[in-house]
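So you can see what is in the structure, the chains are spelled out below.
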Amino acid sequence: MTRRSLIGSGVLLVLVIAGLAWLWWRPVLLPPADSRQDAMPDMPGMVSQSRPRTEEPRPNPRPESSALTPELPGIVTIPVDRLQMIGVKYQPVARRPLEKLIRTVGRVAVDERKLARVTIKFHGWIEELFVSALGDHVKRGQQLFTIYSPDLVASQEEYLLALQGQKQLGASEFPEVARGSRDLLEATKRRFQLWDITEDHLRELEHTGKVMKALPIHSPITGTVIRKEALAGAHVDPGEELYTIADLSRLWVLADIYEYELSFVKIGQQAAVTLSYDPGTVLTGHVGFIYPTLDPKTRTAKVRFELDNRDEKLKPDMYANVELRVELGIRLAIPQEAIIESGEKQVVFLHLGEGRLEPRLIKTGVKTGEWSEVLDGLKEGEHIVTSANFLIDSESRLKSVVEGMGGMPGMKMKD
């Protein structure tokens, strides 16, 4: 290699080393870009990258794909033509009479206070049946059957002897003898009364003086035979139920009412009762009793509705529809369709005009059909959107506003 070539290579090597050293020490030798810019005076037409602009920035153009633009925290603007296109409706908040309607299904039952069971208090044999079929109507005091009993025969004989002794010894000059004869007669008569043998049969026994083989048993009430066990010639024991007679002119409807509706049910309230096979006929009853226990599975309580049934249109064990209307008075209320359920929050949209909607948290009370009572959050006269649910379905960005409104300023419950 020549001398000239060596010199050229050395110069090139020095230049390379110098360039690398400059790149390595450049951050130390030169100040940061920000400090250099701060040190530089502002020149006309120059905008600093670190200093904020003093002029207000222009708003971004409205996206063509969305109709919603939040202008203020909690307020959303929708073009009026868009609101008209999706059919948004408005309504002022007002006070109105509210009526709670409770519907339930009940079972027709016999009035237990108008139910009688026919039994005997001695053993015997049925001789003759006068009421022999289910569904027969009987009147109070009507003969049901006759019964032969050795006890009855013996008691009749004792009564005749006591009656004869009263006649002979009742006027005795000895008071003890006269009183003894009267006591014996009264004791025998009381035995017949305890056995439900009526006074007219005793008078007949006194008149004829002859012992009757079989004595009749009478119906204790007026009603309809709904159960019959008596058979001619059958032997019966004391306490055995032979007939069940019910007065069906007044019946009960036992219905289940949910526990959250029990506070609206009061004794004496009127109720409309209809039958599935005859919905045009409406019977009127009233609440007679609210049972004190609750079914833990269905969370319902039995309520007894009492109603007249003189034409016997209702039959025991039928199903009946019951409607109970409860007047709640004048209250601040809005349509239920205006309320958006957002988790544990209830939201409505106030119409502020020119397409502006303000979400508002509210607190509701009683719900009655299409209306919902407002306890807090709204005042009478404020305009609300009554088709908010439809609006939520149509505008997805409004739904995101509702979901995030919990952290927005101005979204506290108004007094």
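Anything mentioned here points back to the structure above.
Now for a description of the structure that goes with this document.

How each quantity is defined
- Residues numbered from 1 in each chain as written.
- Predicted model: local features only at pLDDT ≥ 70, side-chain atom pairs only at ≥ 80, totals over all residues.
- Heavy atoms only, no water.
- Helix = DSSP H or I, 4+ residues; strand = E, 2+ residues; numbered from the N terminus.
- Buried < 20%, exposed > 50% of the residue type's maximum accessible area, 1.4 Å probe, protein only.
- Contact = heavy atoms within 4.5 Å.
- Areas by Shrake-Rupley, 256 points an atom, 1.4 Å probe, with all protein chains shown as cover.
- Pairing = 2+ DSSP bridges.
- 1 Å grid on protein atoms, 1.4 Å probe; cavity = no way out; pocket = protein on both sides within 12 Å on 5 of 7 lines; lining within 4 Å.
- Points joined across faces, edges and corners; volume = space filled by probe spheres on them.
- Nonpolar A, V, L, I, M, F, W, Y, C, P; charged D, E, K, R; others polar.
- Salt bridge = Lys/Arg side-chain N within 4 Å of Asp/Glu carboxyl O.
- Patch = residues over 30% accessible without salt bridge, like charges linked within 9 Å, V, L, I, M, F, W, Y side chains within 5 Å.
- Lys, Arg positive; Asp, Glu negative; His and termini not counted.
- Charge placed at Lys NZ, Arg CZ, Asp CG, Glu CD.
- Core = buried A, V, L, I, M, F, W, Y, C linked by side-chain atoms within 4.5 Å.
- Polar contact = N/O pair within 3.5 Å; in protein donor to acceptor, adjacent residues only side chain to side chain.

**Topic: the overall build of the protein**
- A count of helical and extended segments in the protein gives eight helices and 22 strands.
- In the protein, which comprises 415 residues, the share counted as buried stands at 36%.
- Sequence separation of 24 or more characterises 72% of the internal contacts of the protein that already satisfy a separation of 6 or more.
- When the accessible surface of the protein is summed, it comes to about 25,800 Å², and 54% of that surface belongs to carbon and sulfur atoms.

**What about the sheet that holds strand 8 (residues 143-148)?**
- Taken in spatial order, the four strands line up as 9-8-6-11 in an open sheet, and their pairing is antiparallel. For this open sheet the edge positions go to strand 9 (214-218) and strand 11 (235-236), each flanked by a neighbour on one side alone.
- As paired elements, strand 6 (residues 124-129) and strand 11 share two bridges and run antiparallel to each other. Bridge assignment links Trp-125 to a residue of strand 11, and that residue is His-235.

**Quick notes on the pairing of strand 4 (residues 94-110)**
- Bridge count between strand 4 and strand 17 (residues 319-335): 14 bridges; the pairing is antiparallel. What sits directly across from Arg-96, in strand 17, is Arg-331.
- Bridging between strand 4 and strand 13 (residues 250-258) involves five bridges; their strand directions are antiparallel. Following the sheet pairing, Gly-106 is matched in strand 13 by Ala-255.

**A look at the layout of surface pockets**
- Its volume calculated, the second largest pocket comes out at about 250 Å³.
- Around the second largest pocket sit 13 residues that line it, and Asp-196, Ile-217, His-218, Ser-219 and Pro-220 are the ones nearest its centre.
- Mapped onto the lining of the second largest pocket, the elements with two or more residues apiece are strand 5 (115-118) and strand 9.
- With three residues, strand 5 is the largest single contributor of residues to the lining of the second largest pocket.
- In terms of residue class, the lining of the second largest pocket is built from four nonpolar, five polar and four charged.

**Side note on the pattern of salt bridges**
- In total, this model carries 21 salt bridges according to the counting rule given.
- Between Arg-95 and Glu-380 there is a salt bridge, with its nearest N and O atoms 3.7 Å apart. Remark: Glu-380 occurs in the loop between strand 21 (371-376) and strand 22 (383-385) and Arg-95 occurs in strand 4; sequence separation between them is 285 residues.
- The residue Asp-278 makes a salt bridge to Lys-313 at a minimum N-O spacing of 3.3 Å. Here the residue Asp-278 occupies a position in strand 15 (residues 278-295), and Lys-313 occupies one in the loop between strand 16 (300-308) and strand 17, the gap between them amounting to 35 residues.
- Judged by relative accessible area, Lys-313 falls into the partly exposed class, the value being 25%.

**A few points about a negative patch on the surface**
- A cluster of acidic residues, Glu-199, Asp-200, Glu-204 and Glu-206, forms a negative patch at the surface.
- Within the fold, Glu-206 resides in helix 6 (residues 199-208).

**A short note on the nonpolar core**
- One finds Val-108, Val-265, Phe-305, Leu-314 and Leu-324 to be the most contacted residues of the largest nonpolar core, which totals 30 residues.
- Among the elements of the structure, strand 4, strand 13, strand 14 (270-275), strand 15, strand 16 and strand 17 are those that each provide at least two residues to this core.
- Counting residues per element, this core draws most heavily on strand 17, which supplies six residues.
- In this view, Phe-305 contacts Leu-251, Trp-252, Val-253, Ala-255, Ala-271, His-286, Val-287, Gly-288, Val-322 and Leu-324; residues no more than four positions away in its chain are not counted.
- Counting residues in hydrophobic clusters, the runner-up holds 28 residues, among them Ile-147, Val-236, Leu-242 and Tyr-243.

**Quick notes on the side chain of Lys-228**
- Among the secondary structure elements, Lys-228 is positioned in strand 10 (residues 223-228).
- For the buried residue Lys-228, which engages in no salt bridge, the nearest side chain bearing the opposite charge is Glu-229, 7.4 Å off.
- There is a polar contact of 2.7 Å between the side chain of Lys-228 and the backbone oxygen of Ala-230.
- When neighbours within four sequence positions are excluded, Lys-228 is seen to be in contact with Val-131, Ser-132, Ala-133, Leu-134, Leu-242 and Tyr-243.

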